Amino acid sequence: MQIGFLSKVDVEINEIKSHFAPEKVQIFRSKEALDEAISNLEVLIAMNQGFQRFTVDADILAKAKNLRLVQHFGAAADITDVETAAAKGIPVATVPAQNGRSVAETGMFLMLGCAKKARTAQRFVDQGMMSEMTCVELGRKTLCLIGLGTIGKMMAAMANGFGMRVIGVRRDAAKEGGKIDGIEKIYATADLHAALSDSDFVVLVLPLNAETANIIDADALAAMKKDAYLINMSRGGNIDRLALEAALEADQIAGFGTDVFWQEPNDPDDPLLRDERVFATPHSGGKSVEAVRGCVREVHANIMRLKNGEPLKNVTNM
C-alpha cells in the first residue's frame, strides 16, 4: 500500500515511521512535494499543523487517481477540501479525542501564563529583580469557551476545579438540551458579543471554516472587558490579526495567549511576540507523549481497516 504523510514536524514523522515499520511511509513536508507524488498514493495521512486551510485542495485531489483515504492526524480536517474529496468518493477521516486532554491542559497553561504574567515574571527572575508586578487569580472569574466539543468540555471541568464560572458559545445553543455539566450558560453564536462582555477569559476551541474565520474581529474585541484575556487554541484564522494588534495597542484587552499562528512556523521576529502581554506556545498543545502515540495508533488502525476491507472509523464527509 502506497502511504504518504504530509507533515512538517519530526516528532510525528518519527512516530509514524516507527509504528508503520517495516512498511514504508513517504514523507512530504510541503504542498509542492505532495503535488508531485499524489497520483501514486493510496492513503494520505495529513497533519494540519503548519499548513493553510485547503492545502489538500481540488487541484491536488484531481490528480489523486489512486487515493482511497485521507486520514487526518488529529480531530480537525481543515487543510483538506472535504467536499471535493466526498464528490470524488474519497473518505476523509479524523482522530477525535486522542489529543483532547493535552490541548485542554495547554489551554489552562496559557490562561495561567497570561493571568500570572509569566513573561514579565521570567524577565524579573532573569534580571534578579523583586516582583514589581501584580497578577490575577482564576478563581471566581468567568471563562467563556467558544466551542463546546471534547476539548471545550474538558477545559470546563478543569476550570471548575479552579473555582471558575464557565459559560460557552456554540452554533446551536439548544444542542444537548442546552445544558452541559460544569457550564452555567450556553449562548448561540449570534449572541457572541453578549457572552464576551460577561467574560474575564475567552478561549477559542472551535474549528476553522467559512463560518468561524475571523470570528474574533474588531467588534468582538470591543465587546470584551478591558481586563479580559483572549486565548486561541484553534487556528490563527479564527482571529482578525490586525484587529487584535489594534486592541492590544489601545489596551482594549489585558493580554493574549496562543498555541497557534496565522503562519506556521511562526516568525521569531514577529512584533506581536515582543509584547510581554502575549504568551505563546509553538502549536504544541496536542503534543503530549500520550496524545501523539494515541493518534499514531488510531491512524494506523484505520489504515489497517482500509487494507482489510473493514468499515472505517470517524469519516467526516460520507
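Look a little higher up for the structure.
Residues numbered from 1 in each chain as written. Predicted model: local features only at pLDDT ≥ 70, side-chain atom pairs only at ≥ 80, totals over all residues. Heavy atoms only, no water.

Draft legend 1. Molecular detail of the overall build of the protein chain. For the protein chain, the helix and strand inventory stands at 11 helices and 12 strands. Here the protein chain has a C-alpha radius of gyration of 21 Å; the compact-globule value for 318 residues is 20 Å, and the two agree. Partitioning the intrachain contacts of the protein chain with sequence separation of at least 6 by distance along the chain shows that 66% fall at a separation of at least 24. Distance between charge centres in the protein chain, computed from 36 positive and 42 negative side chains, equals 4 Å. (Helix = DSSP H or I, 4+ residues; strand = E, 2+ residues; numbered from the N terminus. Rg over C-alpha atoms; globule rule 2.2 N^0.38 Å. Contact = heavy atoms within 4.5 Å. Lys, Arg positive; Asp, Glu negative; His and termini not counted. Charge placed at Lys NZ, Arg CZ, Asp CG, Glu CD.)

Draft legend 2. Local environment of the pattern of salt bridges. Counted by the stated rule, this structure contains 19 salt bridges. We note a salt bridge from R241 to D270, for which the minimum N-O separation is 2.5 Å. Pair noted here: R241 is in helix α10 (residues 241–249) and D270 is in the loop between β11 (255–258) and β12 (278–280), with a separation of 29 residues, a long-range link. According to the relative accessible area criterion, D270 is buried, its value standing at 8%. One connected set of salt bridges, linked through shared partners, spans K153, R170 and E176. (Salt bridge = Lys/Arg side-chain N within 4 Å of Asp/Glu carboxyl O. Buried < 20%, exposed > 50% of the residue type's maximum accessible area, 1.4 Å probe, protein only.)

Draft legend 3. Spotlight on the nonpolar core. Within the largest apolar cluster, 30 residues are counted, with the highest numbers of intra-cluster contacts made by I146, L204, I216, L221, L230 and L244. Listing elements by their share of this core, those giving two or more residues are β6 (142–146), β7 (165–170), α8 (192–197), β9 (201–204), α9 (218–223) and α10. Among the elements that make up this core, the one with the highest residue count is α10 (four residues). Sequence-distant contacts of L221, that is, excluding residues within four places in its chain, are made with I216, L230, A243, L244, A247, Q252 and I253. Counting 27 residues, the second largest nonpolar core, distinct from the first, contains L138, L148, V203 and V205. (Core = buried A, V, L, I, M, F, W, Y, C linked by side-chain atoms within 4.5 Å.)

Draft legend 4. Quick look at the packing of helix α1 (residues 10–20) against helix α11 (residues 289–307). Two numbers describe how α1 lies on α11: the axes approach to 10 Å, and their chain directions differ by 45°. Put simply, α1 runs oblique to α11. Regarding α1 and α11, the two cross each other, and that crossing is right-handed. On α11, the residues touching V11, E12, E15, I16, H19 and F20 of α1 are V292, R293, V296, R297, V299, H300 and I303. For the contact of α1 with α11, the residue count by class is seven nonpolar, two polar and four charged. (Axes fitted to C-alpha atoms, helices over the stretch in contact; angles between N-to-C directions. Parallel < 35°, antiparallel > 145°, perpendicular 65-115°, else oblique. Left-handed = near helix turned anticlockwise from the far one by under 90°. Nonpolar A, V, L, I, M, F, W, Y, C, P; charged D, E, K, R; others polar.)

Draft legend 5. Spatial organisation of the sheet that holds strand β5 (residues 92–93). The sheet built from five strands is open, its strands ordered β2-β1-β3-β4-β5 with parallel pairing. The open sheet is flanked by β2 (25–28) and β5, the only strands paired with a single partner. Looking at chain direction, strand β4 (residues 69–72) and β5 are connected through two bridges and run parallel. Bridge assignment links V70 to a residue of β5, and that residue is V92. With respect to the sheet, α11 is in contact with β1 (3–6), β3 (43–46), β4 and β5, its orientation differing from that of β4 by roughly 165°. (Pairing = 2+ DSSP bridges.)

Draft legend 6. Representation of the packing of helix α5 (residues 100–115) against helix α7 (residues 150–161) in the model. Two numbers describe how α5 lies on α7: the axes approach to 9 Å, and their chain directions differ by 50°. The orientation of α5 with respect to α7, classified from their angle, is oblique. The interaxial crossing formed by α5 with α7 has right-handed handedness. Contact residues: G100, R101, V103, A104, E105, G107, M108 and M111 in α5; I151, M154, M155, M158 and A159 in α7. Partitioned by chemical class, the residues of the contact of α5 with α7 number nine nonpolar, two polar and two charged.

Draft legend 7. A look at the packing of aromatic side chains. Scanning the entire structure with this criterion turns up four aromatic pairs. With 6.4 Å between their ring centres and 40° between their planes, F256 and W262 make a pair best called tilted. Taking the relative accessible area as the measure of exposure, F256 reaches 0% and is therefore buried. Positioned above the aromatic ring of F54 is the side chain of R53, whose terminal nitrogen or guanidinium carbon lies 4.4 Å from the ring centre. The positively charged end of R241 is found above the aromatic ring belonging to W262, 5.2 Å away from the centroid. (Phe/Tyr/Trp six-rings, centres within 6.5 Å; stacked < 30°, edge-to-face > 60°. Lys NZ or Arg CZ within 6 Å of the ring centre and 35° of its normal.)

Draft legend 8. View of the sheet that holds strand β10 (residues 229–232). Strand order in the open sheet formed by seven strands is β8-β7-β6-β9-β10-β11-β12, with parallel pairing between adjacent strands. One side of each edge strand has no neighbouring strand; the edge strands of this open sheet are β8 (185–188) and β12. The average undirected angle you get between the axes of adjacent strands in this sheet is 15°. Looking at chain direction, β11 and β12 are connected through three bridges and run parallel. In the strand pairing of β12, F256 is matched with V278.

Draft legend 9. Quick look at α5. With 16 residues, α5 extends 23 Å from end C-alpha to end C-alpha; this agrees with the ideal 22 Å at 1.5 Å per step. When you tally the buried positions in α5, you get 12 out of 16 residues, the bulk of the element. Within α5 the residues assigned to the buried category are G100, S102, V103, A104, T106, G107, M108, L110, M111, G113, C114 and A115. At the exit of α5 stands K117, carrying a positive phi of roughly 50°. (Expected span 1.5 Å × (residues − 1).)

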